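Each chain, letter by letter, is given below.
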Amino acid sequence: MLPPPSEPRAAGASLRARVALLMLSVCVIAFGIAYLGVASQLVSALERQRLDELKRSLARSVPRLADTFAGRASPASASRLRELAEALEVRAYAFRVRATGGGDVHLAPLAGGEPWPAVRKTARSAAAGGSVARVSGRGRARTAVVARPLPARGRDKVVVVFARSLGDVQRTAKLLRERGAIALLLALAFVLVGAIAVSQAVIGRVRAVERAARAIARGQHPGPVPVERDDELGALARAFNEMQERLAQAERARRDFIVTASHELRTPLSSLGGFVELLRDEELDTATRRRFLATMADQVERLQRLAVDLLDLSRIDSGDLELAPESSDLSELVTSVAREFEAVASERGHRLELRVNPSVQAFCDPDRAAQIVRVLIDNALRHTPKGTRVRVSCGRRRSDGRPYVRVIDNGPGIPEELRARIFEPFVRGNESPGAGLGLAIARQLAERMGGSLSVRSSGGETCLELTLPTDRAPRSSADTDEPSRTASPQRPMGT
Ligand SMILES: Nc1ncnc2c1ncn2[C@@H]1O[C@H](COP(=O)(O)OP(=O)(O)OP(=O)(O)O)[C@@H](O)[C@H]1O
Ligand SMILES: [Mg+2]
């Protein structure tokens, strides 16, 4: 008994949330990389550019400044420095440098007003070692500071410092941050809506397959799932529809099988029931009673065969049929099975001939191989008229060296439309007293053993050929050929 189908979970919701979360994370990471990688590089490039400009301004002003501070520093030189600073839009400072003992220097402001610590520090560095450029401070107070000593013209060494605020660069950076945050929020909103819409569409299609699968589990036939698009989900829907179609075919085949099998069982059973009724009549003479009993024995035999065949077929279908393949002497096997039919053949007026190459080895289950050969010889004797010649041969095919058994008769042959279907269960000729299971079972057995069973009908001959896998053990070259009409042992078995 199958367990009842489980209830649908809220899988859609969690999938949707996961897709949305994933896309949001991707978005945030992408923005983070863009901001850290691009925005911060842009700010530092702008600062570098400003510092270089300031350096160039100072370098260009050096000759003029050298003149200005050539003599003693005076209010006039301070005002010239202020004018220059205003023209260049910078703040400018000048210091007189005096060396003190111990390698240190003393800076005395000459012009530019009270210097702030970064300016003094930069001037001190320039006094010690030439041109200096640096950025100091944080946020809006960030400033580019450059300093260099003037060529010495008088007694005093003079260092000039230019400073310019980097507030505009910081404002640009702030703008970039604000715009970036707004863009991120907008992108997140779009991504969220997009993720929900995409996952909704995907989930809708998965749900359609899920609903159909649950309907099948309840024993319903929901019909094909819409394929919609030719993508992975489309492939899933197509595969699901194929599976549904296969299930429907299997279900139809199962029903047909039950109907046909019960019909096959009912016919001999009702015939037996009829004879039992007739035998109750005590007036019956002995000869009639014997005739009835013989017919009943035939029907019982038919029932027994049918039961065995049905069991075989169901075992093959369910995969429960156990095979025991081994290295087998096919020549011996064929000879012994053919002998079983000697009496029947002669009783029915058939000529049964045997052409067997010696020591043809095959790798097969010998009992099942014998069962197949029995089906073939039985058919050749049952479905052909009296006097038909039936040849049973065994050898190795020239083309691929595979062991074969052929049963060839020169009877009326099998009509083409029937020939195409004789390997299906319950398919038989109109005249057949059997159930039409022999060849269906024989082919399935041959294929399960790695062999094949095929039919050919031409030139007034019907040939059923069984091939089996080659034995793994090494073989002699003597048995590789097909038996030739003249060279191989040939023996009529019955007339
Ligand atoms: N050698 C043959 N010559 C003519 N017809 C054949 C020959 N072999 C098989 N057939 C046809 O193929 C049909 C299917 O054969 P199959 O062995 O499957 O069933 P069956 O012999 O009718 O019944 P069962 O074997 O179950 O008793 C037969 O009914 C017959 O019409
Ligand atoms: Mg048969």
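Higher on the page you've got the structure.
Computed from a predicted model, the values in this text were never measured in an experiment.

Trainee: Could you clarify how one ought to interpret the overall build of the chain in this entry?
Mentor: Looking only at helices and strands, the chain features 11 helices and 13 strands. Here the C-alpha radius of gyration of the chain, 52 Å, is well above what a compact globule of 495 residues would show, namely 23 Å. For the C-alpha atoms alone, the extent of the chain along its principal axes is close to 160 × 60 × 40 Å. Across the 495 residues in the chain, those meeting the buried criterion constitute 38%.

Trainee: What is the right way to look at the packing of helix 4 (residues 167-217) against helix 5 (residues 232-279) in this model?
Mentor: A pair of packed helices is captured by two measures, namely the crossing angle of their axes and the spacing between those axes. Two elements in contact, helix 4 and helix 5, have axes separated by 10 Å at closest approach and are oriented at 10°. Looking at the two axes, helix 4 sits roughly parallel to helix 5. Facing Val202, Arg205, Val206, Val209, Ala212, Ala213 and Ile216 of helix 4, the residues of helix 5 in contact are Leu233, Gly234, Leu236, Ala237, Phe240, Met243, Gln244 and Leu247. Across the contact of helix 4 with helix 5, the residue classes break down as 12 nonpolar, two polar and one charged.

Trainee: So what exactly am I meant to see when it comes to the packing of helix 5 against helix 6 (residues 286-318) here?
Mentor: Axis separation between helix 5 and helix 6 bottoms out at 10 Å; the angle between their running directions is 160°. With respect to helix 6, the axis of helix 5 lies roughly antiparallel. In this structure, helix 5 crosses over helix 6, and the sense of that crossing is left-handed. For the pair formed by helix 5 and helix 6, the contact residues are Phe257, Ala261, Glu264, Leu265, Pro268, Leu269, Ser271, Leu272, Phe275, Val276, Leu278 and Leu279 on the first element and Arg289, Phe292, Leu293, Thr295, Met296, Gln299, Val300, Arg302, Leu303, Leu306, Leu310 and Leu313 on the second. Of the residues that constitute the contact of helix 5 with helix 6, the class distribution is 18 nonpolar, three polar and three charged.

Trainee: Is there a simple way to explain the sheet that holds strand 2 (residues 105-111) in this structure?
Mentor: Pairing between the strands of a sheet is mediated by backbone hydrogen bonds and can be parallel or antiparallel. With antiparallel pairing, the five strands of this open sheet are ordered in space as 2-1-5-4-3. Strand pairing shows two members of the sheet lacking a second neighbour, strand 2 and strand 3 (132-136), which therefore form its edges. Pairs of neighbouring strands in the sheet enclose a mean axial angle of 25°, with direction left out of account. Bridge analysis of strand 1 (residues 91-99) against strand 2 gives six bridges, and the strand direction is antiparallel.

Trainee: Can you walk me through the site of ligand 1 in this structure?
Mentor: Contacts to ligand 1 come from 20 residues, most closely from Asn379, His383, Gly429, Ser432 and Leu437. Taking Asp409, its side chain carries an N or O atom lying 2.9 Å from a nitrogen atom of ligand 1. Residue Gly429 places a main-chain N or O atom 2.8 Å away from an oxygen atom belonging to ligand 1. Notes on ligand 1: free accessible area 600 Å², of which the protein chains cover 96%. Of all the elements in the fold, those that place two or more residues in the shell around ligand 1 are helix 9 (366-382) and helix 11 (438-448). Among the elements that line the shell around ligand 1, the one with the most residues is helix 9, at three residues. Of the residues belonging to the shell around ligand 1, the class tally is eight nonpolar, eight polar and four charged.

Trainee: Would you explain unusual backbone geometry in this entry?
Mentor: As a rule of thumb, non-glycine residues mostly have phi less than zero, and peptide bonds are mostly trans rather than cis. The backbone phi angle of Glu89 is positive, close to 55°, even though this residue is not glycine. Secondary-structure assignment places Glu89 in the loop between helix 2 (75-88) and strand 1. Notably, Glu228 is not glycine yet its phi reads approximately 60°, a positive angle. Within the fold, Glu228 resides in the loop between helix 4 and helix 5.

Trainee: Even after reading the chapter, I still don't get the pattern of salt bridges, so can you show me in this structure?
Mentor: One side chain can pair with another of opposite charge once the charged atoms of both are near each other. A full pass over the atoms with the stated rule returns 27 salt bridges. Measuring nitrogen to oxygen at the nearest pair gives 3.8 Å for the salt bridge that ties Glu245 to Arg252. According to the relative accessible area criterion, Glu245 is partly exposed, its value standing at 41%. Judged by relative accessible area, Arg252 falls into the partly exposed class, the value being 44%. One salt bridge connects Asp312 with Arg368, and the closest N-O pair in it is separated by 3.4 Å. Within this pair, whereas Asp312 is found in helix 6, its partner Arg368 is found in helix 9, the two being separated by 56 residues in sequence. We note that Asp312, like Arg368, is buried. Through salt bridges with shared partners, a single network forms among Arg397, Asp400, Arg406 and Glu465.

Trainee: Would you mind going over the nonpolar core with me for this structure?
Mentor: A general feature of soluble globular proteins is that nonpolar side chains tend to end up buried together. Formed by 52 residues in total, the largest nonpolar core has its most connected members in Leu330, Val334, Ile377 and Leu466. Among the elements that take part in this core, helix 9 stands out by supplying nine residues, more than any other. Split by domain, the residues of this core number at least three in each of domain 2 (245-318) and domain 3 (326-492). Residue contacts for Leu330: discarding those within four places in its chain leaves Val360, Ala362, Cys394, Pro403, Tyr404, Val405 and Leu468. Counting residues in each nonpolar core, the second largest holds 24 residues, with Leu54, Leu84, Ala94 and Val160 among its members.

Trainee: I would appreciate a short explanation of the packing of aromatic side chains in the present structure.
Mentor: Where two aromatic rings form a pair, the distance of their centres and the angle of their planes describe that pair. Throughout the structure, instances matching the rule amount to two aromatic pairs. For the pair Phe275 and Phe292, a centre-to-centre distance of 5.2 Å together with 55° between the ring planes defines the contact as tilted. With a gap of 17 residues between them, Phe275 in helix 5 and Phe292 in helix 6 connect regions that are remote in the sequence. With respect to class, Phe275 is no different from Phe292; both count as buried.

Trainee: Quick question: what am I supposed to make of a nonpolar patch on the surface here?
Mentor: A cluster of nonpolar residues, Ile182, Leu186 and Phe190, forms a patch on the protein surface that exposes about 350 Å² of accessible area. Residue position: Leu186 is located in helix 4. Accessibility expressed as a relative area gives 49% for Leu186, which makes it partly exposed.

Scoring rules and cut-offs
The residue numbering used here restarts from 1 in each chain and proceeds along that chain's sequence as written. Naming scheme: in the order in which they are written, chains are lettered from A and ligands are numbered from 1. Under the rules for a predicted model, residues below a pLDDT of 70 receive no local features and side-chain atom pairs below 80 are neither given nor counted, while totals for whole chains, interfaces and linings still include all residues. The side-chain numbers reported here are obtained from all heavy atoms of the structure, hydrogens and water having been left aside. Numbering goes from the N terminus for both helices and strands, where a helix is a DSSP run of H or I of at least four residues and a strand is a run of E of at least two. All radius of gyration figures rest on C-alpha atoms, and the globule criterion is 2.2 Å times the number of residues raised to 0.38. The classification of residues rests on relative accessible area computed with a 1.4 Å probe and restricted to protein chains. Under 20% of the type maximum is buried, over 50% is exposed, and intermediate values are partly exposed. To obtain an axis, a line is fitted to C-alpha atoms, over the contacting stretch when the element is a helix, and the angle between two such axes runs from 0 to 180 degrees between their N-to-C directions. Should an angle fall under 35 degrees it is called roughly parallel, over 145 degrees roughly antiparallel, and 65 to 115 degrees roughly perpendicular, with every other angle called oblique. Working rule for contacts: check all heavy atoms of both residues, and any pair within 4.5 Å makes them a contact. Any residue that is not Ala, Val, Leu, Ile, Met, Phe, Trp, Tyr, Cys, Pro, Asp, Glu, Lys or Arg is counted as polar, Gly included; the first ten are nonpolar and the last four charged. Handedness of each helix crossing follows the sense of rotation of the near helix against the far helix: counterclockwise by less than a right angle gives left-handed, clockwise gives right-handed. Strand pairing is defined by DSSP finding a minimum of two bridges between the two strands. Each residue is tested against the molecule or strand, and it is near if at least one of its non-hydrogen atoms lies within 4 Å. In protein, a polar contact requires one atom able to donate a hydrogen and another able to accept it; more generally it is a pair of N or O atoms within 3.5 Å, and residues adjacent in sequence count only if both atoms are side-chain atoms. Each accessible area is a Shrake-Rupley estimate made with a 1.4 Å probe; only the visible protein chains count as cover when residues are assessed. What makes a salt bridge here is a side-chain nitrogen of Lys or Arg within 4 Å of a carboxyl oxygen of Asp or Glu, nothing more. Grouping buried Ala, Val, Leu, Ile, Met, Phe, Trp, Tyr and Cys residues that are joined through side-chain atoms within 4.5 Å yields what is termed a nonpolar core. Domain start and end points were adopted from an automatic or database domain assignment. Whether two aromatic rings pair depends on their centres lying within 6.5 Å, for rings of Phe, Tyr and Trp, where Trp uses its six-membered ring; planes under 30 degrees apart make the pair stacked, over 60 edge-to-face, and the rest tilted. Think of a patch as exposed residues, more than 30% relative accessible area, with no salt bridge, where like charges cluster within 9 Å and nonpolar side chains (Val, Leu, Ile, Met, Phe, Trp, Tyr) cluster within 5 Å.

None of this, on its own, says anything about what the molecule does.
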